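Listed below are the residues making up each chain.
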Amino acid sequence: MVRISLALAQRLRGGLAWEQLLTTLGSLPERPSSGNRALVDLVALLADATLTSSGLINRIGPALIRSTGLKVVGIFDARDHQLRPLSGSVALKKLRLLAEDDRLRQFVAAKIGRFTLATLRAKPRSTSRLVVADLTDKNESRVLVAVADRPLAARDARVLHLAVNLLRLRQKNWRLQGNLDFLNRQFSALTDRVAEGLIGLGPDLSINLWNKNLQTITGYRAKETLGQPYQQFFVVPERENWLKELLTVSRLAGGRFQTQLAILAKDGLVRWVELSGAVLATGRRPPEQILISVRDVSHLRELEGRKNEFISIATHELRTPLTAVIGYLSLLDRQGANLTDPQRRFLSQAKLATGRLSRLTEELLWTVQIQEDRLMFKMAPIELESVARKVVADFRTSAENHLLPLTLKKPLFPTTVLADADRLEQVICNLVDNAVKYTPSGQITLDWRQTTNRQRRSFVTLLVQDTGLGIESKQLPEVFTKFRRLHQPETIRSFGAGLGLFIVKSFVEKMNGAVTVTSHLGKGTTFAVTFPCHPPNR
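The rules behind these values
- Residues numbered from 1 in each chain as written.
- Predicted model: local features only at pLDDT ≥ 70, side-chain atom pairs only at ≥ 80, totals over all residues.
- Heavy atoms only, no water.
- Helix = DSSP H or I, 4+ residues; strand = E, 2+ residues; numbered from the N terminus.
- Buried < 20%, exposed > 50% of the residue type's maximum accessible area, 1.4 Å probe, protein only.
- Contact = heavy atoms within 4.5 Å.
- Areas by Shrake-Rupley, 256 points an atom, 1.4 Å probe, with all protein chains shown as cover.
- Core = buried A, V, L, I, M, F, W, Y, C linked by side-chain atoms within 4.5 Å.
- Axes fitted to C-alpha atoms, helices over the stretch in contact; angles between N-to-C directions.
- Left-handed = near helix turned anticlockwise from the far one by under 90°.
- Nonpolar A, V, L, I, M, F, W, Y, C, P; charged D, E, K, R; others polar.
- Pairing = 2+ DSSP bridges.
- Arc of directions from axis to C-beta.

**Q** So what exactly am I meant to see when it comes to the overall build of the chain here?
**A** Within the chain, the secondary structure is distributed over 15 helices and 17 strands. Counting over 538 residues, the chain shows a buried share of 43%. Counted over contacts in the chain with a minimum sequence separation of 6, partners at least 24 positions apart contribute 58%. Split by element, the accessible area of the chain, about 29800 Å² in all, is 53% carbon and sulfur.

Here is the structure:
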């Protein structure tokens, strides 16, 4: 028994009906007879995954003859209630004679698809039997017909029943495999026609998708990469933990992330790519699938570099005369008592204009430094509430001048986060300043929210809420794009270059946080800035 089971285990592929096989073979002796050896060969034949459907059909008839007391075995196509021989233990000419039996044809026509195994008496008062097994599958109507010269012995009936069940399993497996192959071909054709590169990672972070466009970008072919660790073929110099960092960001952004990275291609050249990814995960297990869209932005990055170089030179050249103008205006302001009312009004307008120009210069410099990754962040534990309180105090007068109540609610939980104090203050300043600019009437509220993810990591969120103009839903994806203004200048109190929210998003993400926006046109907007609590287990 043990020896036979081990032999079967070595030959079986695909894990078909183990319990049933062992139950059926449980009575076999340790040293099998020729009949039992034929049974072992039959089961191994039925479980041989290398055989095609036609190959198995051609060999099943003779194998059943050797392992049972059956005299003839044939496989028939039973579509349209007609029996057409496909293969068997005898010549097809003899199987055609068998298919002409009226009782057999009537039985198959009436019962096809509704029975498993049946026995018919060949002729009245005859000891011969016709054994009919239904092999009908979703797309095929087939029957196995066997001839026995006497009623089937119990052992032969069990063997035939086992063979029929395994054959049905194999047919179902072929159909499913065919459907899977078809879907794989469709999926490959679809992904190869996508304009961007696509990379898919499984739970162990090995590559399971690599389309042709990604081959163009990296130089690596799919057959080189599939099943291999992603680090071998998607190399980011000096940032070994780039994926871990993006997965951390994705937990704060609903399982999505977007960034630009410099990767090392197969030819040794560095290429800039833009990654847009989605993480599919359930429960606390590792991600089931990570799908990343990869776009080559090397050319755009080169153009961006030239533009940044121009902006950097221009803003530095502006700074010197602008500083001089601000200084002269300050001197004039000190002589305010000697100025006429129109002169004081002109001076006030000049100070406002130079202040706006100074802010624009600073924002342009920050933008260049962000894109060239030249900003340094001094990360330290900070009370987010304290920074928010300071910003509210700074903006209270401006809000009251526009008849806007500015309220900071008291958090009911600790708000300590790991961040850069100056950058964090700039983030909240930009959001509150936006709220004042885009709220003609109503109020501005800073509120708090605490959340916990599946890994029991706590996060603190600062909500900056206004009752202002709001943003159309189709424009929300563009909110954090640089040089993008979503409202006409005449609808707001003041306007800038459209860099404030780009700087907010960049600063927050550099500090391992996330910022999101929700809005309803005409009802107001809420910006949510989220950071992991510090220490992490809080």
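**Q** Please explain the nonpolar core as it appears in this structure.
**A** By size, the foremost hydrophobic cluster in this structure holds 52 residues, and its most contacted members are Leu424, Ile428, Leu446 and Phe507. Tallying contributions element by element places helix H14 (residues 421-437) first for this core, with 8 residues. With residues near it in sequence (within four places) discarded, leucine 424 still touches Ile382, Leu384, Val387, Val417, Ala419, Met511 and Phe531. Judged by nonpolar contacts, the second largest core, of 27 residues, contains Ile57, Ala133, Val159 and Ala163.

**Q** For this particular structure, what's the right way to read the packing of H14 against helix H15 (residues 500-510)?
**A** Angle between the axes and distance between the axes: these two values describe a pair of packed helices. Packing of H14 against H15 leaves a shortest axis separation of 9 Å and a crossing angle of 145 degrees. Both H14 and H15 take part in a crossing whose hand is left-handed. For the pair H14 and H15, the contacting residues are Arg423, Gln426, Val427, Asn430, Leu431 and Asn434 in the first and Gly500, Leu501, Ile503, Val504, Phe507 and Val508 in the second. Here the contact of H14 with H15 is composed, by residue class, of 7 nonpolar, 4 polar and 1 charged.

**Q** How do you make sense of the sheet that holds strand S14 (residues 444-452) when you look at a structure like this?
**A** Strand order across the open sheet formed by 5 strands is S12-S14-S15-S17-S16, with mixed pairing between neighbours. The strands lining the two open edges of the sheet, one partner per strand, are strand S12 (406-408) and strand S16 (514-520). Put simply, the sheet's adjacent strands are angled 20 degrees from each other on average, direction ignored. Across 3 bridges, the pairing between S12 and S14 is parallel. Within S14, the position partnered with leucine 408 by the bridge is leucine 446. Sitting on the sheet, helix H13 (residues 384-401) is in contact with S12, S14 and strand S15 (458-466), with an inclination near 165 degrees to S12.

**Q** What should I look at first to understand the environment of proline 440 in this one?
**A** Following the sequence through the fold, proline 440 ends up in the loop between H14 and S14. The sequence separation of proline 440 and glycine 468 amounts to 28 residues, and the corresponding C-alpha distance is 6.1 Å.

**Q** Quick question: what am I supposed to make of helix H5 (residues 92-99) here?
**A** Two residues of an α-helix separated by three or four positions point the same way, owing to the 3.6 residues in each turn. Within H5, the full set of buried residues consists of Leu95, Leu98 and Ala99. Buried residues in H5, looked at end-on, bunch into an arc of 100 degrees, giving them a common side. Away from its buried face by more than 90 degrees, H5 exposes Lys93, Lys94 and Leu97.

**Q** Teacher, can you tell me more about the sheet that holds strand S6 (residues 197-201) here?
**A** Spatial ordering of the open sheet is given by S7-S6-S10-S9-S8, a layout of 5 strands whose pairing is antiparallel. Strands with a single pairing partner mark the edges of an open sheet, and in this sheet they are strand S7 (207-210) and strand S8 (256-264). Averaged over neighbouring strand pairs, the angle between their axes works out to 25 degrees when direction is ignored. Packing of helix H11 (residues 298-334) onto the sheet brings it into contact with S8, strand S9 (270-280) and strand S10 (289-296), and relative to S9 it is tilted by some 115 degrees.

**Q** Would you explain the environment of glutamate 385 in this entry?
**A** With respect to the element layout, glutamate 385 can be found in helix H13. Distance from glutamate 385 to lysine 409, taken between C-alpha atoms, is 9.4 Å for residues 24 residues apart in sequence. Leaving out residues up to four positions away in the same chain, glutamate 385 has contacts with Leu408, Lys410, Pro411, Thr415 and Trp448.

**Q** Help me out: how do you make sense of the packing of H13 against H14 in this one?
**A** Axis separation between H13 and H14 bottoms out at 9 Å; the angle between their running directions is 40 degrees. Between H13 and H14 the crossing geometry is right-handed. Together, Leu384, Val387, Ala388, Lys390, Val391, Asp394, Phe395 and Ser398 of H13 and Leu424, Glu425, Ile428, Cys429, Val432, Asp433 and Val436 of H14 make up the contact between the two elements. Its residues assigned to classes, the contact of H13 with H14 shows 10 nonpolar, 1 polar and 4 charged.

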